[in-house]
Amino acid sequence: MKIAVVGAGVVGISSAHELSLGGHEVTVFERRSTVAEEASFASGALIAPGWAAGWGLAGRQLGWPWSSHSDGLHLARLPTGSEWRWLWQWRQLRRGPQWAASQGQVQGLMRYSQQRLEAITDQYQFDHDRSHGMLVLLRTEQEVAHAQAPLQQLRDQGLPAQLITAAEARGLETALSSETPLQGAIELGGEAVANCREFAVLLRARALQAGCRFEFNTVVGRIDALAPTGFRLELAHTASRPPNEAASASARTFDAVVVCAGVASAGLLRQLGLNLPLQSVQGHSLSAAVREPMDAPQSAVLDAHQGVSIARLGQRVRVAGGHDWGRRTGTPSKAALQRLYKVLSDWFPGAVRLGGPAGNVQAWCGAQAELPDGLPLIGASRIPGLWLNLGHGACGWSMACGSARALADQVDGRPSDIDLTPFSPRRHGI
Ligand SMILES: Cc1cc2nc3c(=O)[nH]c(=O)nc-3n(C[C@H](O)[C@H](O)[C@H](O)COP(=O)(O)OP(=O)(O)OC[C@H]3O[C@@H](n4cnc5c(N)ncnc54)[C@H](O)[C@@H]3O)c2cc1C
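Conventions we followed
Residues numbered from 1 in each chain as written. Predicted model: local features only at pLDDT ≥ 70, side-chain atom pairs only at ≥ 80, totals over all residues. Domains from an automatic or database assignment. Contact = placed C-beta atoms within 7 Å. Nonpolar A, V, L, I, M, F, W, Y, C, P; charged D, E, K, R; others polar. Pairing = 2+ DSSP bridges. Helix = DSSP H or I, 4+ residues; strand = E, 2+ residues; numbered from the N terminus. Axes fitted to C-alpha atoms, helices over the stretch in contact; angles between N-to-C directions. Near = placed C-beta within 6 Å. Bend = angle between axes of the 7 residues up to and from the residue. Buried ≥ 20, exposed ≤ 12 C-beta atoms within 10 Å, placed from the backbone.

A. Seen up close, the domain arrangement of the chain. Domain annotation of the chain identifies domain 1 (2–40 + 199–277 + 373–428) and domain 2 (62–97 + 128–191 + 279–370). For domain 1 and domain 2, the distance between their C-alpha centroids amounts to 29 Å. Contact residues are listed per partner, giving 14 residues for domain 1 and 12 residues for domain 2. Of the residues belonging to the side of domain 1 that touches domain 2, the class tally is 7 nonpolar, 5 polar and 2 charged.

Here it is, written out as structure tokens:
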């Protein structure tokens, strides 16, 4: 089949790679000039199933940016109209009886994805920053008690997770500051950290070898379904044109389309009469060079109270967190960045170069595409030939390789290794 993939984030690249392996004639359209330039650019790098299992006490709450906890959803402005509905659903679903079950489905997809990522990395001998094991840091007795339920859920699924004492945690991550109170930690085993952007760049080269084509600086402006089958894509080419000059346009036809356009997916699908309850939620990250390896993390930690992760990526440290709704895309929030600096200095003071000539800190924010039920959309839409792989929210890197493999199996009419029913677009009538 002749298939168009819209979007070259980590989900789009992974999908294009799997579809190309299946012998399809795949073309990826990306509005940016290269891969992984939006949400996949400087993510927290965590891939351990269970890293986002709801360890924090406030993880299901809505709050304002100045509230002391940060692992809930922060509202950067007052919602209007239908936004209230989305936020209400977001909150209610996280407090309802179905939440634990849907978290279990997410962990299952993450585990499958972790296995696929390892298989691809081994097969192609990719050399990207990665490490094993991570700790979820629990500052208080209350947090330790709260962590029991998600811990049990991970164990029930056979995932490597255990509660360890503060002393054991400090033995594993020897640079953890002794000044910051620590009651215990959840140790998550297996591969836990991998560099999302590096992987996307490496995988693009393999997808090219498998016959996939990439068209960068190309905006998919519209997707039209043709009768009886197929699609027509309206394209605008933006490369090497002065900003005041209109982009050149063209149109192409395909047998099938896979939409992996992150937060922009809702706009594209609306034109086809598919209304997706997708919202953009901002996350932030800081990346800086390691100052002294002995003061830096060995692998990764997640501060359960703050919802902030600190990961080692080779010679750099990446601090990531925040879940801000209603903020303008592309503008990092000072308050969110300060929170990241604070959590870094709480746990690994002196780990990175913050100032001086070598103190080159990259501060970044990215928009995560999130549905109110916290599950991605993977599979066939109600328009035959239109496939979706989007809405992975704050965990898209940990689900990308598995989502792509399972989607490619569905496109080829093969049963996938995992049950995709919970992630079906049909649950939203799409
Ligand atoms: C600060 C931060 C930290 C994170 N940490 C983690 C983590 O530790 N672990 C984890 O699992 N996940 C993490 N995530 C989430 C993860 O990064 C995302 O879920 C994932 O990158 C989403 O990938 P994607 O390919 O769906 O979207 P994107 O990477 O946003 O890709 C979508 C692509 O589509 C393109 N596009 C859109 N519209 C069009 C169009 N009309 N025409 C052509 N191209 C188009 C865009 O330019 C973009 O390149 C984090 C996210 C952020 C922001």
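B. Up close: the sheet that holds strand β8 (residues 213–215). Ordered by their spatial adjacency, 6 strands build an open sheet running β8-β2-β1-β12-β19-β18, and the pairing between neighbours is mixed. Edge positions in the sheet fall to β8 and β18 (377–380), since each of these pairs with one other strand and no more. Going from strand to strand, the sheet's axes swing by 20° on average, the running direction of each strand aside. Relative to strand β2 (residues 25–29), strand β1 (residues 2–6) runs parallel, the two being bridged by 5 bridges. If you follow valine 6 over to β2, its bridge partner there is phenylalanine 29. Against the sheet, helix α10 (residues 396–411) engages β12 (256–259), β18 and β19 (386–390), with an angle of about 15° to β18.

C. Geometry of the sheet that holds strand β10 (residues 231–237). The strand order β9-β10-β11 describes an open sheet built from 3 strands, whose pairing is antiparallel. The open sheet is flanked by β9 (218–225) and β11 (248–254), the only strands paired with a single partner. Strand-to-strand twist across the sheet, computed as the mean angle between neighbouring axes with direction ignored, equals 20°. Inspection of the sheet shows β10 paired to β11 by 7 bridges, in the antiparallel sense. When the sheet's bridge partners are listed, arginine 232 is paired in β11 with threonine 253.

D. Representation of the site of the ligand. In the region of the ligand, 41 residues are neighbours, and Gly7, Gly9, Gly44, Gly262 and Gly396 sit closest. Counted by class, the shell around the ligand contains 20 nonpolar, 16 polar and 5 charged residues. Looking at which domains feed residues into the shell around the ligand, each of domain 1 (2–40 + 199–277 + 373–428) and domain 2 (62–97 + 128–191 + 279–370) supplies at least three.

E. Focus on α10. A bend of about 30° at glycine 402 is the largest found in α10. The buried count for α10 comes to 14 of 16 residues, which makes it a mostly enclosed element. Positioned one or two residues after α10, glycine 413 has a phi angle of 75°, which is positive.

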